[in-house]
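What follows is the residue order along each chain.
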Amino acid sequence: MKLLSTEIKNNVLQSMERILDENRKAILEANKKDLELFNLEDQAMYDRLIVTDAKIDGMIASIKEVRSQEDPVSKTISTKSLENGLEINNRTAPFGTIMIIYESRPDVTIEAAVLAFKANNKIFLKGGKEALHSNTILTELWHKALEENGLSKNYIQQLVLNREETQMFLKNPPEKLDLIVPRGGERLINFVKQNATGAVLVSGRGNNFLYVDENADWEKSVKVILNAKTAKISACNALDKILISSKIENYTEKLEDLYKLLQVNGVETLVDNDVNILIEGSNLIKDASVWKEEFLAMKCCLGAVDSLEEAIEKININSGGHSATIMTSNKESAMQFMEEVDCAAVYQNASTRFTDGGQMGVGAELAISTDKLHHRGPLGLKQLVTNKYYIFGDGQIRE
């Protein structure tokens, strides 16, 4: 891909801000068609599908934010002069072509494309069929912004493919795919990993844990639990699993209070054997595999552990590698938890809902990566580049 100047890229983004604002009615009408065709059984997906004026404002704000950020391409990472006279310059470089496969959320069509484009990448957008009308008009608006500035529509392309066609595209892409990002549930991620021939960066799966240590502030813990579980069930940073230390003061009473509070707030709560014995009429977990499940619903698991080490082990065996929180006033316990829990984001005394590019100061994000290569956590503008070595010589040969 030809390297575009920062000015040209920012002009495209500025055009897109105006075009989105001018076409609000058309965007909302397209989204209405998607909503009318949607099966309401999956409430979390339906919530992600909805586009409102406020969401359009958010799309425009995301573009403005990326436009204001420093261009991440061709930045010097390191330089070195060797004794043989060679000058070694390591610089950031675009990936090339990125494909993102996502479910339901039309705003990803804006957020993914703006980041990929500013980082000088070409992007293929493969949204779900449930958001076809919304994604189509948003892609058309991108094309208007590109053409206004004398650029090809090929920079941002929408793929309208069924499952079989997507499978074939992943196995035999018409051009090299330098990075593939599946953004959705377990089924989507597994489908992409099984079929893709290019590099896959996994994102979007949550199944996040919170551990209440024996030295926790109980009022703070309850407040954080309710926020992380109920604020937005459709988000990958929502809380699904709660572990309570059996050594906490007034253990039984606190368990009962938390169980009742979750019920009052409409959260279906499943419990392990230790908790079930103490809480009359509670719903016992019948299959241990539920600890590995991401719910995306008003549902959670509540379990007891006897030690910090047991909590860490249970989290590492079952979590999706996204986010985990410890509620404790003990700094040593917090640090042990944060060092040993294998997640992209680890917290002390805070809600998992903060695992978000905007909330963490990264800005707009392509996804939340749970992989360790090439990057972990929010994939912002600075993370959508790779590197390249520039070596300047004067006829040197290797002896």
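See above for the structure.
Residues numbered from 1 in each chain as written. Predicted model: local features only at pLDDT ≥ 70, side-chain atom pairs only at ≥ 80, totals over all residues. Heavy atoms only, no water.

Some thoughts on the pattern of salt bridges
Note the threshold: Salt bridges, as used here, are contacts in which a Lys or Arg side-chain nitrogen is within 4 Å of a carboxyl oxygen on Asp or Glu. Each residue is placed in one exposure class: buried if its accessible area under a 1.4 Å probe, protein chains only, is under 20% of its type's maximum, exposed if it is over 50%, and partly exposed if it falls in between.
Under the definition given, this model contains 15 salt bridges. Its salt-bridge partner being Arg-105, residue Asp-107 comes within 3.0 Å of it at the nearest N-O pair. Note on Asp-107: relative accessible area 11%, which makes it buried. A salt bridge links Arg-105 to Glu-111; the shortest N-O distance between them is 3.4 Å. What emerges from the salt-bridge pattern is a single network uniting Asp-21, Arg-24, Asp-53 and Asp-57.

Structural notes on unusual backbone geometry
We count it as follows: Working definition: helices are DSSP H or I runs of at least four residues, strands are E runs of at least two. Numbering for both runs from the N terminus.
Cis geometry is found at the peptide bond from Leu-373 to His-374, where omega equals 5 degrees. Among the secondary structure elements, His-374 is positioned in the loop between strand E14 (368–369) and strand E15 (377–378). Located in the positive-phi region is Ser-104, a residue other than glycine, with phi close to 70 degrees.

Describing the sheet that holds strand E11 (residues 299–305)
To keep it simple, the criterion reads: At least two bridges found by DSSP between two strands are what make those strands a pair. We call two residues in contact whenever any of their non-hydrogen atoms come within 4.5 Å of each other. Between N-to-C directions, angles span 0 to 180 degrees; the directions come from axes that are lines fitted to C-alpha atoms, helices contributing only their stretch in contact.
With respect to topology, 7 strands assemble into an open sheet ordered E10-E9-E11-E8-E7-E12-E13, the strand pairing being parallel. Where the open sheet ends on each side, the last strands, each with one partner, are strand E10 (283–284) and strand E13 (345–348). The sheet contact formed by strand E7 (residues 208–212) and strand E12 (residues 323–327) spans 4 bridges and is parallel. Pairing of Phe-209 across the sheet is with Ala-324, part of E12. Packed onto the sheet, helix H9 (residues 218–230) meets E7, strand E8 (239–245), E11 and E12 and runs at close to 160 degrees relative to E8.

Notes on the packing of aromatic side chains
Where we set the bar: Under the pairing criterion, centres of Phe, Tyr and Trp rings, with the six-membered ring standing for Trp, must be within 6.5 Å; the plane angle then separates stacked pairs below 30 degrees from edge-to-face pairs above 60, leaving the rest tilted. Counting as a charge over the ring demands two things of the Lys NZ or Arg CZ atom: a distance within 6 Å of the ring centre and an angle within 35 degrees of the ring normal.
Taken as a whole and judged by the stated rule, the model has 4 aromatic pairs. With a centroid separation of 5.6 Å and an interplanar angle of 45 degrees, the aromatic rings of Phe-38 and Tyr-46 are classed as tilted. The interplanar angle of 80 degrees and the centroid separation of 5.6 Å between the aromatic rings of Phe-124 and Phe-169 together place this pair among those described as edge-to-face. Here Phe-124 is found in strand E4 (residues 122–126), whereas its partner Phe-169 is found in helix H7 (residues 163–171), with 45 residues between them in sequence. Phe-124 sits in the buried class, given a relative accessible area of 3%. A cation over an aromatic ring shows up here: Lys-314 above the ring of Trp-291, its NZ or CZ 4.2 Å from the ring centre.

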